[in-house]
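Chain by chain, the residues run as shown.
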Amino acid sequence: MPCGSTLTRLPTAGLALPARVARGLGWITWLLRAAGGHGLGWMLLYAGAMVGGVRAGTPPDVSAVAAFVALEEFRFGDAATLRAPAGDTLSRPASLAKALGMLNNPPKTDSAVEEAAGILRKLVADDAGDEIGGWARYHLGRIVQIHAGTPRSLEAMEDYRSLLAASPASEPAQQALLRLAMLYLYEVKLDWQPEQRAAAAEALSPQVTDDFAAAYHLLVGRGLLYHRLDSARVWEHLRRADVAGIMNPVTNRANLVALGELARALGWTTEAENYYVRFLEIARRDARSASVRDHLEEVRPTAQEGPGL
Amino acid sequence: MKTPYIASLILGGIFLFAAGRVLLRQAPAMTDAAPIELRLAHYLVYDSNREFYDLAIAEYRKLHPDVNIVPIDVPPRIWPVWRQTRFTGDTAPDIIQLGRGFTDEMAALYLTPLSEELERPNPYNAGTALEGVAWGETFVDDSLTGENFNPRLLEHYGVSNYLNLRRVYFNVDLMREITGKATPPRDYAEFIAYCREVKAWSEKRRSPVVPIAGSIEYSRGLFVEAMTQQTQRLARRIDLEHDLVSSERETAMSWLRGEWALDDEALLPVWEQLHEMAQFFQPGFLQLAREDAGFLFKQGRAAMIVSGTWDANYFLVDSDFEVGVFVLPLPDEHHPRYGRNVVGVLTERAAVPSGALGVARSSKHPAEAIDFLRYLTSLRVNEWFAEYCLRVPVIEGAAPPPGFKAFAPMMEGYEPGATLWFEGLGSRSSQRHLEANIDYLVGPNGTVDGFLQRLSPHYGRYLRQDLQRVAATGLRTAQRMDAVDVALRLHAATTPEARRRATRLTEAQVIQEAENYQVLHTLSTTQKSP
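All of these numbers come straight from a predicted model, not from anything done at the bench.

1. Thoughts on helix 7 (residues 188-203) of chain B
All names here are of chain B. Over its 16 residues, helix 7 runs 23 Å from end to end, which matches the ideal 22 Å to within 8%, given 1.5 Å per residue. Listing the buried residues of helix 7 in full gives Tyr188, Phe191, Ile192, Tyr194, Cys195, Val198, Trp201 and Ser202. Those residues of helix 7 that are buried are in contact with helix 6 (172-179), strand 8 (210-213), helix 11 (268-278), strand 9 (302-308) and strand 10 (323-326).

This is the structure in structure tokens:
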């Protein structure tokens, strides 16, 4: 009795609920978890989901919820050993969670990786068009890229390109795009010059969605820095990452300093001043403050326009 | 069409019932005559720390009669094993000290994330300048460094109550006897001059007094600090990301890429300075433990000891002589011999908080445990802690212990440069190689040339070993975080905050994975480097 496969977010996957109700259930789930309701609370939650699910005509996906919570908490073994009730099969989300658990549950063996890959391949074969199918395709790429005993990065790149072509704006495709750019920039099996690497990674830019823009531009900007490519080009990527909104405060500070330093080296003193000032505004107790202040004093008297902010 | 709505109603009702049961289940404990008992485990085994916890717990109980906190102090040497046993046996204390090899996996598996709590004001700061300020922002580092914040998991798991700063303790009576005054050295020249005076004075006596009591740990700390000031310009030269931070990974990769060498002009003054300072330690100091060095100083057989604020209680209390404290003066940018690669003295503006305490995921009373941490890290209690335990407070605006001006962090100065004591790099092979040969530099017959001749031939091999370990660890992290990322996106991302967390996690994961690829690329493309 497989679950419905086209719904998006757990824990309501499998239940055809209006978005508002689904959100409400999400909050209640969160409240229960925050209240430490591991025992009775969870049982009742599951019981409620069961009753509601049966009445709604689609069974609930209790095991997937538990498996995803286990993955969030690094309890890979719990996800890996997920079993469907007798006579039943695991839902698509639960199968995905089980495969991810198997990939990380020690001791890691080739047979466990192969079994996980088999689950993912089945998810793709059954219905590659839904979100779970997308994630399965993405993780098949990840298996050959980072889980296989001998990484087969070129094969992974093919998987990522194909996923990206199929549904470019989906989350799994965006994750694939980031890994593709990463491999273009650094994979040693690609006998490419730095400029070729940069161009290939930059060619992916039009397909990046807003949610992934900061990560993408940070990745490419830093890749160009690693390969000692043109500072102005690096600066533009870091600027776009800044505009997209870097969420990690530590990375954000580092990016502001890098934008200031690169602009100063390029003679774009107005831009350098802007980023130095922004850094000093947010970094009250940062060891770099004195250097940034010195550099700010250096650029202030010679404010010279660069490409703009 | 109505069926889903009926199901939703049933679901909602049962959810509310379940929530009510959970609350009701906890409610009796809150009002029960029997107090809630929390266990707090730590490895701060100094008497002052133990006493302070007892006092703070007693004060807290006056505010919350239902909560009793039982401190458990565990010797630092057995702490990692003790902690692991507790975690795996599901008998972890409610509140537990972090640090000492606390891994990402431990944090994710066993600790309660505190990020959301840190966004709310600390109620125990009411009536102070920090009233209404988010709890996380009341810490001098905005809770973004050290053991408190895990940059890979992008979660806060702990709160600290002190900073550790390196300081020199000196025997005031001895200084008075030798020099006729008790004024600590103001700069490196005066520091070395005093060391020479002690040495010359000691040679005329039967029972020798060494200028500096040393041990492998204390001297390592001193050497690292000297090195990171001397390499400030080198660090800017090899700063791959242009962010004025030179990580161990960047420093190691840049060596393989041929951007600096062990006999680099930017490094020679470092070796010379370490050689100069080492002649003032007692013979064989590299084989001694910190307790041995501390004992030598307490016995009055050393004029100074380069330690830190963490040892204040040991050195300042119960010594048979007057003990003073000063900030270690290192050569600044004007020093004629050692100043050419220095940007400026090292700042302590970003000193990293220590002694973080977290809340176990298995705690039956996480709310009460977190509340106690709020109390412990409130402005007034942190000042009280600093004064009682002679520590440097970590809360913004909290005063250092009265009478200890030298305990105030040095806010002026510049960021540290690079270190070659790669304490966090891979398998630490290159650090062990450095320490196995450091005697050729700082030993009685040590020279810079002799040291470099020993260090250089195998340096690349050990550095490669370390970077290979970095890559292997990074790969494992990437594999695991992949699963966490998907789980967050598919399960938890029903709220905007959870979606933000998933995006943040992807951002961090991509950067870390790219850094890993940089290591692999460097290892692969520099196979012919020395």
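2. Quick notes on a positive patch on the surface
All names here are of chain B. Together, Arg428, Arg432, Arg469 and Arg476 give the surface a local cluster of positive charge. Within the secondary structure, Arg432 is located in helix 16 (residues 429-437). You can call Arg432 exposed: its relative accessible area is 52%.

3. Some points on unusual backbone geometry
Cis geometry marks the peptide bond from A:Pro106 to A:Pro107; its omega dihedral reads -5°. Mapping A:Pro107 onto the fold places it in the loop between helix 5 (92-104) and helix 6 (110-126). At B:Asp142, a position not held by glycine, the phi torsion is positive, near 55°. Inspection of the secondary structure puts B:Asp142 in the loop between helix 5 (115-118) and strand 4 (149-150).

4. Brief notes about the pattern of salt bridges
Under the counting rule described, the total for this entry stands at 50 salt bridges over all chains. A salt bridge links A:Arg300 to A:Glu273, with the nearest nitrogen and oxygen atoms 3.1 Å apart. Of this pair, A:Arg300 sits in the segment after helix 15 (289-299) while A:Glu273 is found in helix 14 (residues 269-282), placing the two residues 27 residues apart along the sequence. Its salt-bridge partner being B:Arg176, residue B:Glu322 comes within 3.7 Å of it at the nearest N-O pair.

5. Some thoughts on the confidence of the model for chain B
Residue and element names in this part refer to chain B. Per-residue confidence for chain B gives a mean pLDDT of 91; residues scoring 70 or more make up 95%. With pLDDT under 50 throughout, residues 26-34 is counted as low confidence; its partners more than four residues away or in other chains account for 8 contacts. This prediction of the complex comes with two scores: 0.84 for pTM and 0.86 for ipTM.

6. Let's talk about the packing of helix 7 (residues 131-147) of chain A against helix 9 (residues 171-186) of chain A
Residues and elements named next belong to chain A. Between helix 7 and helix 9, the shortest axis-to-axis distance is 8 Å and the interhelical angle comes to 20°. Classified by the interaxial angle, the pair formed by helix 7 and helix 9 is roughly parallel. For the pair helix 7 and helix 9, the sense of crossing is left-handed. Along its contact with helix 7, which presents Glu131, Gly134, Trp135, Tyr138, Arg142 and Gln145, the element helix 9 presents Glu171, Pro172, Gln175, Ala176, Arg179 and Leu183.

7. Some points on the packing of helix 12 (residues 231-244) of chain A against helix 14 of chain A
All names here are of chain A. At their nearest, the axes of helix 12 and helix 14 sit 14 Å apart, and the two run at 40° to each other. Looking at the two axes, helix 12 sits oblique to helix 14. In this structure, the crossing between helix 12 and helix 14 has a hand that is left-handed. Between helix 12 and helix 14, the residues in contact are Trp235, Arg239 and Asp242 and Glu271, Tyr275 and Arg278, respectively.

8. Let's talk about the sheet that holds strand 10 of chain B
Residues and elements named next belong to chain B. Judged by pairing direction, the sheet is mixed, and its 4 strands sit side by side in the order 8-9-7-10 without closing on themselves. Every other strand in the sheet has two partners, leaving strand 8 and strand 10 as the edge strands with one partner each. Each neighbouring strand pair of the sheet contributes to a mean axis angle of 25°, computed without reference to strand direction. Across 3 bridges, the pairing between strand 8 and strand 9 is parallel.

9. Describing the packing of aromatic side chains
All names here are of chain B. Tallying each qualifying case throughout the model produces 34 aromatic pairs over all chains. Note on Phe52 and Phe385: the rings are 5.0 Å apart at their centroids and 70° apart in plane angle, and the pair reads as edge-to-face. Of the two residues, Phe52 is situated in helix 2 (residues 47-63) and Phe385 in helix 15 (residues 379-389); the sequence distance between them amounts to 333 residues. By way of ring pairs, the aromatic residues Phe52, Tyr53, Tyr162, Trp384, Phe385 and Tyr388 are connected into one cluster. Looking at Arg374, its charged tip hangs above the ring of Trp135, at a distance of 5.5 Å from the centre. One residue, Arg461, lies across the ring of Tyr462, its end atom 5.0 Å from the ring centre.

Cut-offs applied
Residues numbered from 1 in each chain as written. Chains lettered and ligands numbered in written order. Predicted model: local features only at pLDDT ≥ 70, side-chain atom pairs only at ≥ 80, totals over all residues. Heavy atoms only, no water. Helix = DSSP H or I, 4+ residues; strand = E, 2+ residues; numbered from the N terminus. Expected span 1.5 Å × (residues − 1). Buried < 20%, exposed > 50% of the residue type's maximum accessible area, 1.4 Å probe, protein only. Contact = heavy atoms within 4.5 Å. Patch = residues over 30% accessible without salt bridge, like charges linked within 9 Å, V, L, I, M, F, W, Y side chains within 5 Å. Areas by Shrake-Rupley, 256 points an atom, 1.4 Å probe, with all protein chains shown as cover. Salt bridge = Lys/Arg side-chain N within 4 Å of Asp/Glu carboxyl O. Lys, Arg positive; Asp, Glu negative; His and termini not counted. Charge placed at Lys NZ, Arg CZ, Asp CG, Glu CD. pLDDT = per-residue confidence, 0-100. Axes fitted to C-alpha atoms, helices over the stretch in contact; angles between N-to-C directions. Parallel < 35°, antiparallel > 145°, perpendicular 65-115°, else oblique. Left-handed = near helix turned anticlockwise from the far one by under 90°. Pairing = 2+ DSSP bridges. Phe/Tyr/Trp six-rings, centres within 6.5 Å; stacked < 30°, edge-to-face > 60°. Lys NZ or Arg CZ within 6 Å of the ring centre and 35° of its normal.

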